[in-house]
Each structure stands twice: as C-alpha cells, then as structure tokens.
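# A look at the structure
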Amino acid sequence: MNSETFEIPAIAALLPGDALPALLLVAFLGAALGFLVLARAGRWAGPLAAVLPAGLFAAFVGYVPILSAGEGVPAIVQTVSWVPSLGIDLVLRLDGFSLLFVLMITGIGTLVALYAGSYYADKPASDRGRFLSYILLFMSAMLGTVLADNLIVMFVFWEMTSLISFFLIGFNSTSAEARKAALQSLVITAGGGLALFGGLLLIGMEAGTFSLMAITQDPALVSASPWFGVIATLVLIGAFTKSAQFPFHFWLPNAMQAPTPASAYLHSATMVKLGVFLLARFDPVLSTSHAVTLVIVGTGLLTMLVSAVLALRSEGVKAILAYSTVASLGLLVTLIGLDGPTSSVGIAGFILAHALYKAALFFCAGIVIHATGATRIRDLGALFTVLPLTGIAAILASLSMAGLPPFVGFIAKEYVFEAKLDSSFAAVVTMVAVIVNSVLVAIAGIVALRPFFARNPAFSGKPKHGELPGMTTGPVVLALLGVFFGLFADIPQYYIVGPAAIALAGTPFYVSFEIWHGLTPMLALSGLVVATGGVLVWKWKPIHDAMNRLTFIDRLSFEKGFDALFNGLLQLARVTTQTLQNGRMRTYLSVTIAVVTAALVYAILAGGLQSDGRGFAMPGFAGDEVRPYLALVSLLVAAGAIVAAVARSMVVSLVGVGLAGYGIAILFLKNGAPDLALTQFLVETLFVVIVTAVLVKLPAIGDGLRSYSRLDLRPGDGVLSGAFALALFVVLLSIAAKPFNATVTDYYAAKSLTEAFGRNVVNVILVDFRALDTLGEIAVVAFAAIAAWSVLAGGGGKRISAPSGDTARALPSLIFATTARLFFVLMIAVSLLALFRGHNEPGGGFIGGLIASAGFAVLALAFGIETARKRLVLHPVVWMGIGLVLAIVSGLPGAVINESFLTHQWAELNLGFTTLKLGTTYLFDIGVYLTVVGGVLAFLIRVQQQMDAPLPGEDDPLAATGNSMQTKGASA
C-alpha cells in the first residue's frame, strides 16, 4: 500500500490539530458522562444520547472530501505517545476503509440511540440510562478499533467490544436465556481474542513493528517468517470468532436475546463486522499464501451455506435476520479471499448496503415485537394498517436486501457477482452465491410481507401501541438512504465506496459503482436469484416444515458440541478445585512446592548442569572462605527447621520456626543487608506475636492441638521437602559459581545520592528508582488485608470451647502488663525514627510500619484487641486508604511538570542555622508506612475477633460498644 499522510485542509479547520485522538477522547468521555446523566434525563434520554454520535458523525463527514481527493491512497495518520519504551503509541489512521466504518458506527449509532430511548420509554429510568450508556461506550470502543493503526492498541479496543457486547446481550439479566447467550458470546469472542493477541505479538516480534500500515506495506516482513503458519491461524481464529464464521457461527443467532436496539447495532454496523474488517486489513499479508486464501474462501462459502439452511428452519423474526447476517458475513469473508480490484468494490459496496438495510429491518422487527409481544413469523399478520411507516420501511429495506433496482443493494450485488466471476474460484463461489442469495431474497420477502400483509386468524391484530417517532425515525431514514444511494450512485461512488475500495486494494484505480452496466452475466445472475427467491417465498411453509423434519441438520449448529465442551471444562474445574482447593493448607503448600521443584529440576536438566561424560557435573563453589560464625548460625537455622518439622507441640514448633527465621536475619545482617535483616527480624516477631495470640485463645484439648501432627504420617512431606531443598541447593551453587555483574549495583550506588539525595541505596531504589513497583506491592498488601477482613468478617465460625474451669484467654503476667504500654510507646517512637531516617540509614516506611505493627500487636496481646483499636483511632482499612492516596499523590508533581509519574521532587528549606532538604519521597514513605500498619492490624484484629467470637447463645461483648471498627457493622 502506497499510503500518504495528508494535512487537514480548511474544510476541517474547526477540528483541533490532533483531531482523531480528540474525537476518540470525546467519544469515551461522553459515554462515561452518559452513566451519570442519562438516567436522570427522563423522556429526553434518547435524543440526549444521540447528540454524541451525531456530533461525531458530523465531524467525520468533514474528512470525506479529504479522503476522496488527491492521488495515491489518502490517509490521515495522527500519533499520541503512550508506551514508547515498548513501541506502543496511540497511532490513529483514517483512510477510506476506516472512514466507511466510522460513518456507519456514528450514523447508525445516532439512530440506535433515538430508537433505544423510545424502546425503553416504559422501563425504569435507570435501565434506560444504563442501556444507552452501554451503547455509547460500545460505539467508542468500535471507533477505537477501526481507527487504531498500532496492533496492540487495536486489540485493547477489540476486546473492549467483546466485553461491552456481553453486557448488551445479557442486559435482561433476569432471563436465563439472555445470561447464557451473553456468556456464550463472551467465551467465543474473547477466546478468539486471546488467539488473535498471540498472533499480533508474533507479528510484532517478526516484523519488528506493531504498525499495521508498515506491515501491510511490506507483507514479506511477516509472510517470510517461519512462524507465518501459526500467525495466520491465530489471526483467522480471532476474525472467524468475531464475525461468527463456521464453526463459531451459532453464537450470533443466540445473541438475539439482546434488546432489539443492540441487535440492530451489533448486526449492521459494528461488532460482527470487525472480523471482516481485520481480514480485509490483513489481506495483503494473508493473501501471500494460497493455502490461507483457500481457508478463507472455504470458510466463507461453508458459512454461507450452513446459515442459509438454518435460516430456512428458523421461526423467530430476529433469528431469521440473524442467520441472514451470518450468511452476509460469510459472503464478505469469501470476497476478501478473492483476487482482483473488483472484490474491493464488492466488499465496500456490500458493507454499506448491508448496514443500511439490515439495521432498518432489525428496527422494523423490534417495532413489531415491541407493539405486539409476538416474536415468531407465524404469529404475526395484517399489521400494515396499524404500522404503515414501519411496513413501508420494511418493504424498502427488503427490496434492497433482495437486490432489486433502483436500490443500493442491487448495485452491491452486481459487483459481488462480478468479483466472483472474475476470480480464480469462479464456478464454485458463483454457484454458492446464487443459492445463498436466493435464500436472502426469500428472507427479505418473508420479513417484509408476512408481518404486515399475511392473513393470520391466530393474530388478534390489536398491538399495544402504534408507531412511536423515536422508533420509526431510524428505519425510515435508513430505508430511504438505500433508495437515495441507488438513484444517485455517484455519491457513494466518489465519497464512500470508492475511497474504501482504493484503501482496500492498496493502489489507486477507477472505481465504478453504477446502477446500470448493460446486459451482463451479473444481471442474468441477479435475475436468477430474484426468481429463485420468489419461489422460496411462495413455498416458504412447506420448505420450512420439510427442513425442520431433517433432524440431521441440527448438527450443523455446533451449539451442542460447544455446550458439551463447556460443561466438560466446568466439570474438570470442579474436580480440580475439589482436589487442589480443598481447604487444607498442607495440600496448597505441597502442590506449590512440587510445581516449583519440578520447574527447578527442568531448568537444571535443560541447561543448568553440564555433562562431563560421567553424568552430570555439579557446579563448583564460588571459592569464598568459610566463616565460622556464619557456619554456626547456619547450623542454628537448620536445627530450628528440624525442630519445627518433628515437634509434636505447637509451642515447640513455633520456637523452632522463630529460631530459623532469626538465624536467617543474622545471615542477612552479616552479609551487608541491614534493611533486609531488619525486615526479617520484624516479620518473624509479628509472626510469633500473632500465632501466640491464637495459641492463647485456643486452650489445648487432648492431642488435637498439642500433637497436631505425627512424624510417621509425613514420609511424603519429607521426600518432597528434601527434593525441593536439593534442587534449590544446586541452583544456588550454580548462581554462586557465575561471575557477578556489578553494572546495576554500581549504577544505583553512583546515582542514589546525586539524583535521589539518599545514602541508603536500598530505600532509594524502593521509593524512587522503582517506586512504581513499590506502589503496586503496597496496593497488593492493602487488597489482601481487605480480602482477609471481609473473609474473616463476623467471627461466625465455631469456636473451640475450653474445658470446664479454663478461661477463653489467659490473663497476662504482671510484668507483661506493666511493660506492654511502655513497650508500645517505644515501638511507635522507634518506628517513626526508622521511617524518617530510612532515606539515608537502614529503615524506611516498610520497616517502620512493621515496627509500629509489632507495638500494636503486643498491646493487643497484653490487654485485648479493644485497647489496641482505641490507640489506632481510625479503622485499619481507612489507614490503608490514606497510605495509598499519599503514595499516589507523591507521584503527581513529577507528572504535572512533564516528568514521569513518581519522579520525586526536592526542595531546600533554609532554616538559618541549617539547610533542610525535603522531597516528595518522604510523602511516599509515609504512605508505605500507613499501608503496612493498616494491613497488618486489619489481619490481626480479624484473627483475634474470630477467637473472641461468642458461641451460639452467648452475648457478644463487642456488640455493646459503638466503635466503628467492631465486628458488627465493620465493612471493608
């Protein structure tokens, strides 16, 4: 494609310089605003919602003269930097083909908004506003998909359309059929989206760019790759699932559970055509392989035939139209696989014609169903006198669908036949096209004639209401456009179809889109199709009944196969969950350690060890001298681990675990990692305190708690832990044997003081160089604590009651009670010292938060949870929220002054006798401090509340107080 970027001339002067990103931003902001406004707009919700797509339509119309003029293949490309380090920018491209889509999306979107406002006039305002907001959001996602030139950006919008269509199809959430159809559409289209994502990543890696324009300009970047077969397969799966191609075709008719405005939008101008859009865009690459072309053409033909057969068996008005949409999509896919420039004209012309008549027919079907409540053709009749404008619109749209002159559908069909006759697959594709188009003619006749003119004694002929202006406007406008574009074909020829066809072909050529070509083979085929379709209309009922008697056709739907596969996956998930997620911590740890061990063994065997001819050679030691005190500490760590493993008492096991943990902290300290050592010391301390609190609340009862495990029951655990230790030992030796690369270490050591004004390199890395990582980590801490607070809420589980004479909680010793308060004050003071000295000395927000948490934990252990909570003042979740907000706010100044988010800013404060250097780093560290304190205490409070929970029938001692942090009423 010889693409050329044009400057926006005076005709679009009212638009901003970066108009395309601005228009896309306006679309999303308008959709977001819709959720706030439309539910309160009353009967004006529809017209108000229509303002956004109408304004966008008018803006995009301003580009029509630009893209229909000039030489070459006009295109407007505008870029907004997004993730330049990954080669991902918001690159938007508007050429003739994308212009065709954006005009359909916004133009028909305007009519859908008006239609939906009337359609939901008798529904609650909240439902009406929510549905219209979904429509606007869906429109915005569609615009992003067809405008995006960067493949990753396109995929983001692509998946957004799948998600929002899920909401639209399942909008009637009280209907089991709607929920099933929505889930089915999401599974199929999102599953195809995952395949597409894999293909796009391979394309980017092989081509060295994610620019769709660059890739299609030089198809060899991808077609010459050894991964081309895989890429083509993944792209085809993504396109076929989105555009409901065989064998994924069944989800689209089932999606008719969606409200009619959504059905009209999805089927005519938006989501189901995205697969066609993608294939057309990638055609320069895919067409380099004859095998891929055969797959595209074969899939399109098979989809056309299967959907035509299933349409003849359908009874519902929307279902018949849905199968005709599937057939039309198959026709478009087939055209994409054909060669020659005429196929480009056929694709562009048919997309336009199909959007006009299919949206109109769905609108008409919705009016009939809304007015009568009947959904099947056999239940309708004689409605023309009651719904005359709807009947006229349905007739006009059906004539265009049937391909009769002077409608635009006739012109499009002529070029479709011409493209098929000119292709290398002429005989096969022409024969299938005649058969399927005959069925489409029959469907057009049935939908237009039966509901409005058939004599049906079973139908009362008394609809609930007549024609509503908001619902009638859409079908009338679209039906008249079908006539107008047919009579004045030079308008779409020069301004819509022509630019789209040239963009598809990738090279300029004269585009003919005229209603009269003389007596040609295409005209003869059109006559044959209309005549055959007329016969099918005449004999519709016997043909319909005969097709329903052929039960083997049911297998063509493939829906039962999908249901069987889906149910099988659910059953597998149930079995897996029952096996692995059984509520036993031992199982979780065993599975995790087994998987990690297997991965380590695989890494060792794959390349971690070298064979010396006598088996695998162990890697050598690094050559460091053995330090006796470290050997002694290591022996203490090993002794603690063994004690924890073999002890039959919880208390003894706890001592063993603590001994191992403190020993590891000493190893960190003696190897030059004081921050890590402090963190380890504090974590071990908190662990001991929390477990001690639990043990104090759980009096020993027989062997159930004193002897919770027996050595002879765990030989498998010993084998697994031994294998894990051996694998980890070998890996660590291998790492130690490799030469140390000090590049990163030297960089941080050199830059931490000069650029981040801190001497504690570890803390500087956490709060400055890698602050975004730290922000994510404290967010995880907060979310985990909130989840624990919610899961443990209420303390409603059964508490183990103490034997007669025992108390629920032993009173603290006099010494412990006397020193606990002093210890708490000292711990808070030390935590603040660690917090504010951390930028230059060992400490920081995380360590300070752990120290403060330990102080609160000791206070709770000595005097009960109520005392600790009163000292905390605010709810622990509130403290976490304040901490996260402070951490985020600390990064805003850097972003405001056009630096990166979380690039901390510094200022010097002259106090006269000294100069104080202040920075947003301290604000970030305070946020970390508060988040850690809130997270740890949220967990500690909930654990102790569980242990203090009253037995059934007992009074809850916490219920009488009004503290907002109590179990009852406390909420995350």
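Residues numbered from 1 in each chain as written. Predicted model: local features only at pLDDT ≥ 70, side-chain atom pairs only at ≥ 80, totals over all residues. Heavy atoms only, no water.

## Observations regarding the overall build of the protein chain
Filter applied, for reference: Segments assigned H or I by DSSP are reported as helices when at least four residues long, segments assigned E as strands when at least two residues long, and all are numbered from the N terminus. Partly exposed describes any residue whose relative accessible area lies between the buried limit of under 20% and the exposed limit of over 50%, with all areas from a 1.4 Å probe on protein chains only and scaled to the type maximum. Only heavy atoms matter for contacts: two residues are in contact if any of them lie within 4.5 Å across the pair. Each accessible area is a Shrake-Rupley estimate made with a 1.4 Å probe; only the visible protein chains count as cover when residues are assessed.
Looking only at helices and strands, one finds 38 helices and seven strands in the protein chain. When each of the 972 residues of the protein chain is scored for burial, the buried share is 49%. Sequence-distant contacts, at least 24 apart, represent 78% of the contacts inside the protein chain between residues at least 6 apart. As displayed, the protein chain offers around 43,000 Å² of accessible surface, 68% of which is attributable to carbon and sulfur atoms.

## A word on helix α27 (residues 650–670)
We apply this condition: The length a helix should cover is 1.5 Å for every residue beyond the first.
With 21 residues, α27 extends 30 Å between its outermost C-alpha atoms, agreeing within 8% with the 30 Å of an ideal straight helix rising 1.5 Å per residue. Among the residues of α27, Ser-653, Leu-654, Gly-656, Gly-658, Ala-660, Gly-661, Gly-663 and Ala-665 are the ones counted as buried. Immediately beyond the C-terminal end of α27, within one or two residues, lies Gly-672, with a positive phi of roughly 80 degrees.

## Quick notes on empty space enclosed by the protein
Let me state the cut-off plainly: Residues are called lining when one of their atoms sits within 4 Å of a cavity or pocket point, these points coming from a 1 Å grid over the protein atoms alone, where a cavity is a set in which a 1.4 Å probe fits but cannot get out and a pocket is an open set with protein on both sides within 12 Å along at least five of seven lines. Grid points are joined across faces, edges and corners, and a volume is the space filled by probe spheres set on the points. Only Asp, Glu, Lys and Arg are considered charged, only Ala, Val, Leu, Ile, Met, Phe, Trp, Tyr, Cys and Pro nonpolar, and every remaining residue, Gly among them, polar.
In the structure shown here, the tally under the stated rule is six cavities of 30 Å³ or more. Space inside the largest cavity adds up to approximately 60 Å³. Considering the residues around the largest cavity, the lining is formed by Phe-350, Ala-353, Tyr-357, Ser-400, Met-401, Gly-409, Lys-413, Asn-437 and Leu-440. For the lining of the largest cavity, the elements supplying multiple residues, two or more each, are α16 (341–372), α17 (388–402), α18 (408–422) and α19 (426–453). Take the lining of the largest cavity: its biggest share by element is three residues, from α16. A per-class count over the lining of the largest cavity returns five nonpolar, three polar and one charged.

## A look at the pattern of salt bridges
Selection criterion: We define a salt bridge as a side-chain nitrogen of Lys or Arg found within 4 Å of a carboxyl oxygen belonging to Asp or Glu.
By the definition in use, this model includes eight salt bridges. A salt bridge links Asp-149 to Arg-93; the shortest N-O distance between them is 3.3 Å. Here Asp-149 is found in the loop between α5 (125–147) and α6 (151–169), whereas its partner Arg-93 is found in strand β3 (residues 88–95), with 56 residues between them in sequence. Accessibility expressed as a relative area gives 4% for Asp-149, which makes it buried.

## Things to note about the nonpolar core
Which entries qualify depends on this criterion: Take the buried residues of types Ala, Val, Leu, Ile, Met, Phe, Trp, Tyr and Cys, join any two whose side-chain atoms come within 4.5 Å, and each joined set is a nonpolar core.
Phe-60 and Leu-94 are the most contacted members of the largest nonpolar core, which has 209 residues in total. The element that contributes the greatest number of residues to this core is α16, accounting for 20 residues. The contacts of Leu-94, once residues within four sequence positions are left out, are Leu-20, Phe-60, Tyr-63, Leu-67, Ala-75, Ile-76, Leu-99, Val-102 and Leu-147. The next biggest cluster of nonpolar side chains, apart from the first, holds 45 residues, and it includes Ile-690, Ala-785, Val-877 and Leu-902.

## Some remarks on the packing of aromatic side chains
Defined as follows: Side-chain rings of Phe, Tyr and Trp (the six-membered ring for Trp) are treated as a pair once their centres are within 6.5 Å; stacked means planes under 30 degrees apart, edge-to-face means over 60, and tilted covers the remaining angles. Either the NZ atom of lysine or the CZ atom of arginine qualifies as a charge over a ring when it sits within 6 Å of the ring centre and within 35 degrees of the ring normal.
Tallied over the full model, the rule gives 30 aromatic pairs. On the basis of an interplanar angle of 75 degrees and a centroid distance of 5.8 Å, the ring pair of Phe-35 and Tyr-134 is categorised as edge-to-face. Taken as a pair, Phe-35 in helix α1 (residues 19–37) and Tyr-134 in helix α5 lie far apart in primary sequence, 99 residues in all. By the ring-pair criterion, three or more aromatic residues cluster together here, those being Phe-35, Tyr-115, Tyr-119, Tyr-120, Phe-131, Tyr-134, Phe-166, Phe-167, Phe-171 and Phe-363. For Lys-539, the ring lying beneath its charged end belongs to Trp-538, and the centroid distance is 4.2 Å. Its guanidinium or amino end placed over the ring of Phe-863, Arg-821 lies 4.2 Å from that ring's centre, counting from NZ or CZ.

## Regarding the pairing of β3
Applied cut-off: By the convention used here, strands pair only if DSSP detects at least 2 bridges between them.
Of all eight residues making up β3, six are buried, and the element is well covered by its neighbours. Bridge analysis of strand β2 (residues 73–83) against β3 gives eight bridges, and the strand direction is antiparallel. Bridged to Ser-81 within β3 is Asp-89.

## Examining unusual backbone geometry
In this structure, the amide linkage connecting Phe-246 to the following residue, Pro-247, adopts the cis form with an omega of 5 degrees. Residue Pro-406 is reached from Pro-405 by a cis peptide bond, and omega for that bond is 5 degrees. Turning to its location among the elements, Pro-406 is positioned in the loop between α17 and α18. Even without a glycine there, the phi angle at Ala-244 is positive, about 55 degrees.

## So, the environment of Phe-240
As for its placement among the helices and strands, Phe-240 is situated in helix α10 (residues 228–242). Once you skip the residues sitting within four places of it in the chain, Phe-240 turns out to touch Gln-245, Phe-248, Leu-279, Val-295, Ile-296, Thr-299 and Val-333.

## A look at the layout of surface pockets
For the second largest pocket, the calculated volume is near 1,200 Å³. Taken together, 39 residues line the second largest pocket, and the ones lying closest to its centre are Met-256, Gln-257, Ala-258, Lys-318 and Thr-375. Taken together, the elements giving at least two residues each to the lining of the second largest pocket come down to α5, α11 (251–254), α14 (290–313), α15 (317–337), α16 and α24 (559–580).

## Remarks on a nonpolar patch on the surface
Worth spelling out the cut-off: Within this analysis, patches are made of residues with over 30% relative accessible area and no salt bridge. Like charges are joined at 9 Å or less; nonpolar side chains (Val, Leu, Ile, Met, Phe, Trp, Tyr) at 5 Å or less.
A cluster of nonpolar residues, Leu-772, Val-885, Ile-888, Val-889, Leu-892, Val-896, Ile-897 and Phe-901, forms a patch on the protein surface that exposes about 700 Å² of accessible area. Examining the composition of the nonpolar patch, we find that five residues originate from one element, helix α37 (residues 876–896), more than from any other.

## Examining the confidence of the model for the protein chain
Worth spelling out the cut-off: Across the chain, each position has a pLDDT score giving the predictor's confidence in that residue, from 0 to 100.
The pLDDT averaged across the protein chain works out to 81; a share of 86% of its residues lies at or above 70. By mean pLDDT, the top-scoring element of the protein chain is α10 (94), and the lowest-scoring one is strand β1 (residues 3–5) (36). Under a pLDDT of 50 for its full length, residues 611–616 has, in the predicted model, six contacts with residues more than four places off or in other chains. Confidence drops under pLDDT 50 across residues 951–972; counting only partners more than four residues distant or on other chains, this segment forms 42 contacts.

## Things to note about the packing of helix α7 (residues 176–207) against α10
Filter applied, for reference: A fitted line through C-alpha atoms serves as each axis, taken over the contacting stretch for helices, and the angle formed by two N-to-C directions is quoted from 0 to 180°. Take the far helix as your reference; a near helix turned counterclockwise from it by less than a right angle gives a left-handed crossing, and one turned clockwise gives a right-handed crossing.
Their axes nearest at 7 Å, the elements α7 and α10 cross at an angle of 150 degrees. Of the two possible hands of crossing, α7 and α10 adopt the one that is left-handed. Residues Ile-188, Thr-189, Gly-192, Ala-195, Leu-196, Gly-198, Gly-199, Leu-202, Ile-203 and Glu-206 of α7 touch α10, and the partners they reach there are Val-230, Ile-231, Leu-234, Val-235, Ile-237, Gly-238, Thr-241 and Lys-242. Classifying every residue of the contact of α7 with α10 by side-chain character gives 10 nonpolar, six polar and two charged.

## Thoughts on the side chain of His-249
By the secondary structure assignment, His-249 is in the loop between α10 and α11. Setting aside residues no more than four positions away along its own chain, His-249 makes contact with Ala-244, Val-306, Leu-310, Val-326, Leu-556, Ser-557 and Phe-558.

## As for the environment of Phe-248
Structurally, Phe-248 is set in the loop between α10 and α11. With near-sequence residues (within four places) excluded, Phe-248 lies in contact with Ile-188, Phe-240 and Thr-241.

## Notes on the packing of α14 against α15
Definition in use: Here roughly perpendicular refers to angles of 65 to 115 degrees, roughly parallel to angles under 35, roughly antiparallel to angles over 145, and oblique to all remaining angles.
Taken N-terminus to C-terminus, the directions of α14 and α15 make an angle of 160 degrees; their axes are 8 Å apart at the nearest point. Classed by the angle they form, the pair α14 and α15 counts as roughly antiparallel. Where α14 crosses over α15, the handedness of that crossing is left-handed. For the pair α14 and α15, contact is made by Thr-293, Ile-296, Val-297, Gly-300, Leu-301, Thr-303, Met-304, Ser-307, Leu-310 and Ala-311 and by Ile-320, Tyr-323, Val-326, Ala-327, Gly-330, Leu-331, Val-333, Thr-334 and Gly-337, respectively. Of the residues in the contact of α14 with α15, the class split is 12 nonpolar, seven polar and no charged.

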